[in-house]
Amino acid sequence: MALQVSTLGPKICEVVGQFAPIAFGIQTASGTDLTVAIPQFSRCDGALVLSTSTNTAGYVPTTSGNSFTAVVGTGEVCMYIAFGKLKG
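Summary of the structure given here. (Residues numbered from 1 in each chain as written. Predicted model: local features only at pLDDT ≥ 70, side-chain atom pairs only at ≥ 80, totals over all residues. Heavy atoms only, no water.)

Within a sheet, adjacent strands bond to each other through the backbone by hydrogen bonds, running parallel or antiparallel. Spatial ordering of the open sheet is given by S1-S6-S3, a layout of 3 strands whose pairing is antiparallel. On the outer flanks of this sheet lie strand S1 (22-28) and strand S3 (41-51), each paired with one strand and no other. This sheet shows a mean twist of 25° between the axes of neighbouring strands, independent of strand direction. As paired elements, S3 and strand S6 (residues 77-86) share 9 bridges and run antiparallel to each other. Across the sheet, residue Ala 47 finds its bridge partner in S6, namely Ala 82. (Pairing = 2+ DSSP bridges. Helix = DSSP H or I, 4+ residues; strand = E, 2+ residues; numbered from the N terminus. Axes fitted to C-alpha atoms, helices over the stretch in contact; angles between N-to-C directions.)

For the rest of this paragraph, the subject is the sheet that holds strand S4 (residues 59-64). Strand order in the open sheet formed by 3 strands is S2-S5-S4, and the pairing between neighbours is antiparallel. Whereas interior strands pair on both sides, the edge strands pair on one side only; in this sheet they are strand S2 (33-37) and S4. With strand direction ignored, the average angle separating the axes of adjacent strands in the sheet is 20°. Alignment of S4 against strand S5 (residues 67-71), held across 4 bridges, turns out to be antiparallel. Residue pairing across strands places Ser 64 opposite Ser 67, the latter belonging to S5.

Among the surface-exposed residues, Ile 22, Phe 24, Leu 48, Ile 81 and Phe 83 lie close enough to one another that they form a single nonpolar patch of about 520 Å² accessible area. Within the residue set of the nonpolar patch, elements represented by two or more residues are S1 and S6. Locating Ile 81 in the fold gives a position in strand S6. (Patch = residues over 30% accessible without salt bridge, like charges linked within 9 Å, V, L, I, M, F, W, Y side chains within 5 Å. Areas by Shrake-Rupley, 256 points an atom, 1.4 Å probe, with all protein chains shown as cover. Salt bridge = Lys/Arg side-chain N within 4 Å of Asp/Glu carboxyl O.)

Quick look at the structure:
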């Protein structure tokens, strides 16, 4: 599914219990695709993706369920910050 949000915010992240609806991590792309599933999310609304190995910034054209896919340089190691809706 294509990214559904064209404008939003600014929005303050609401803490749910002891958790905020933000996830972060580092992962290596497979080819030019970086696909990340976040088990703690019921829905991923979007993500910011940066490469740790080049100056190429990734972009996130799709979200689906609790995951997002970013287009990055081939085999790049990427850092991401994702936001969405927590399960429960």
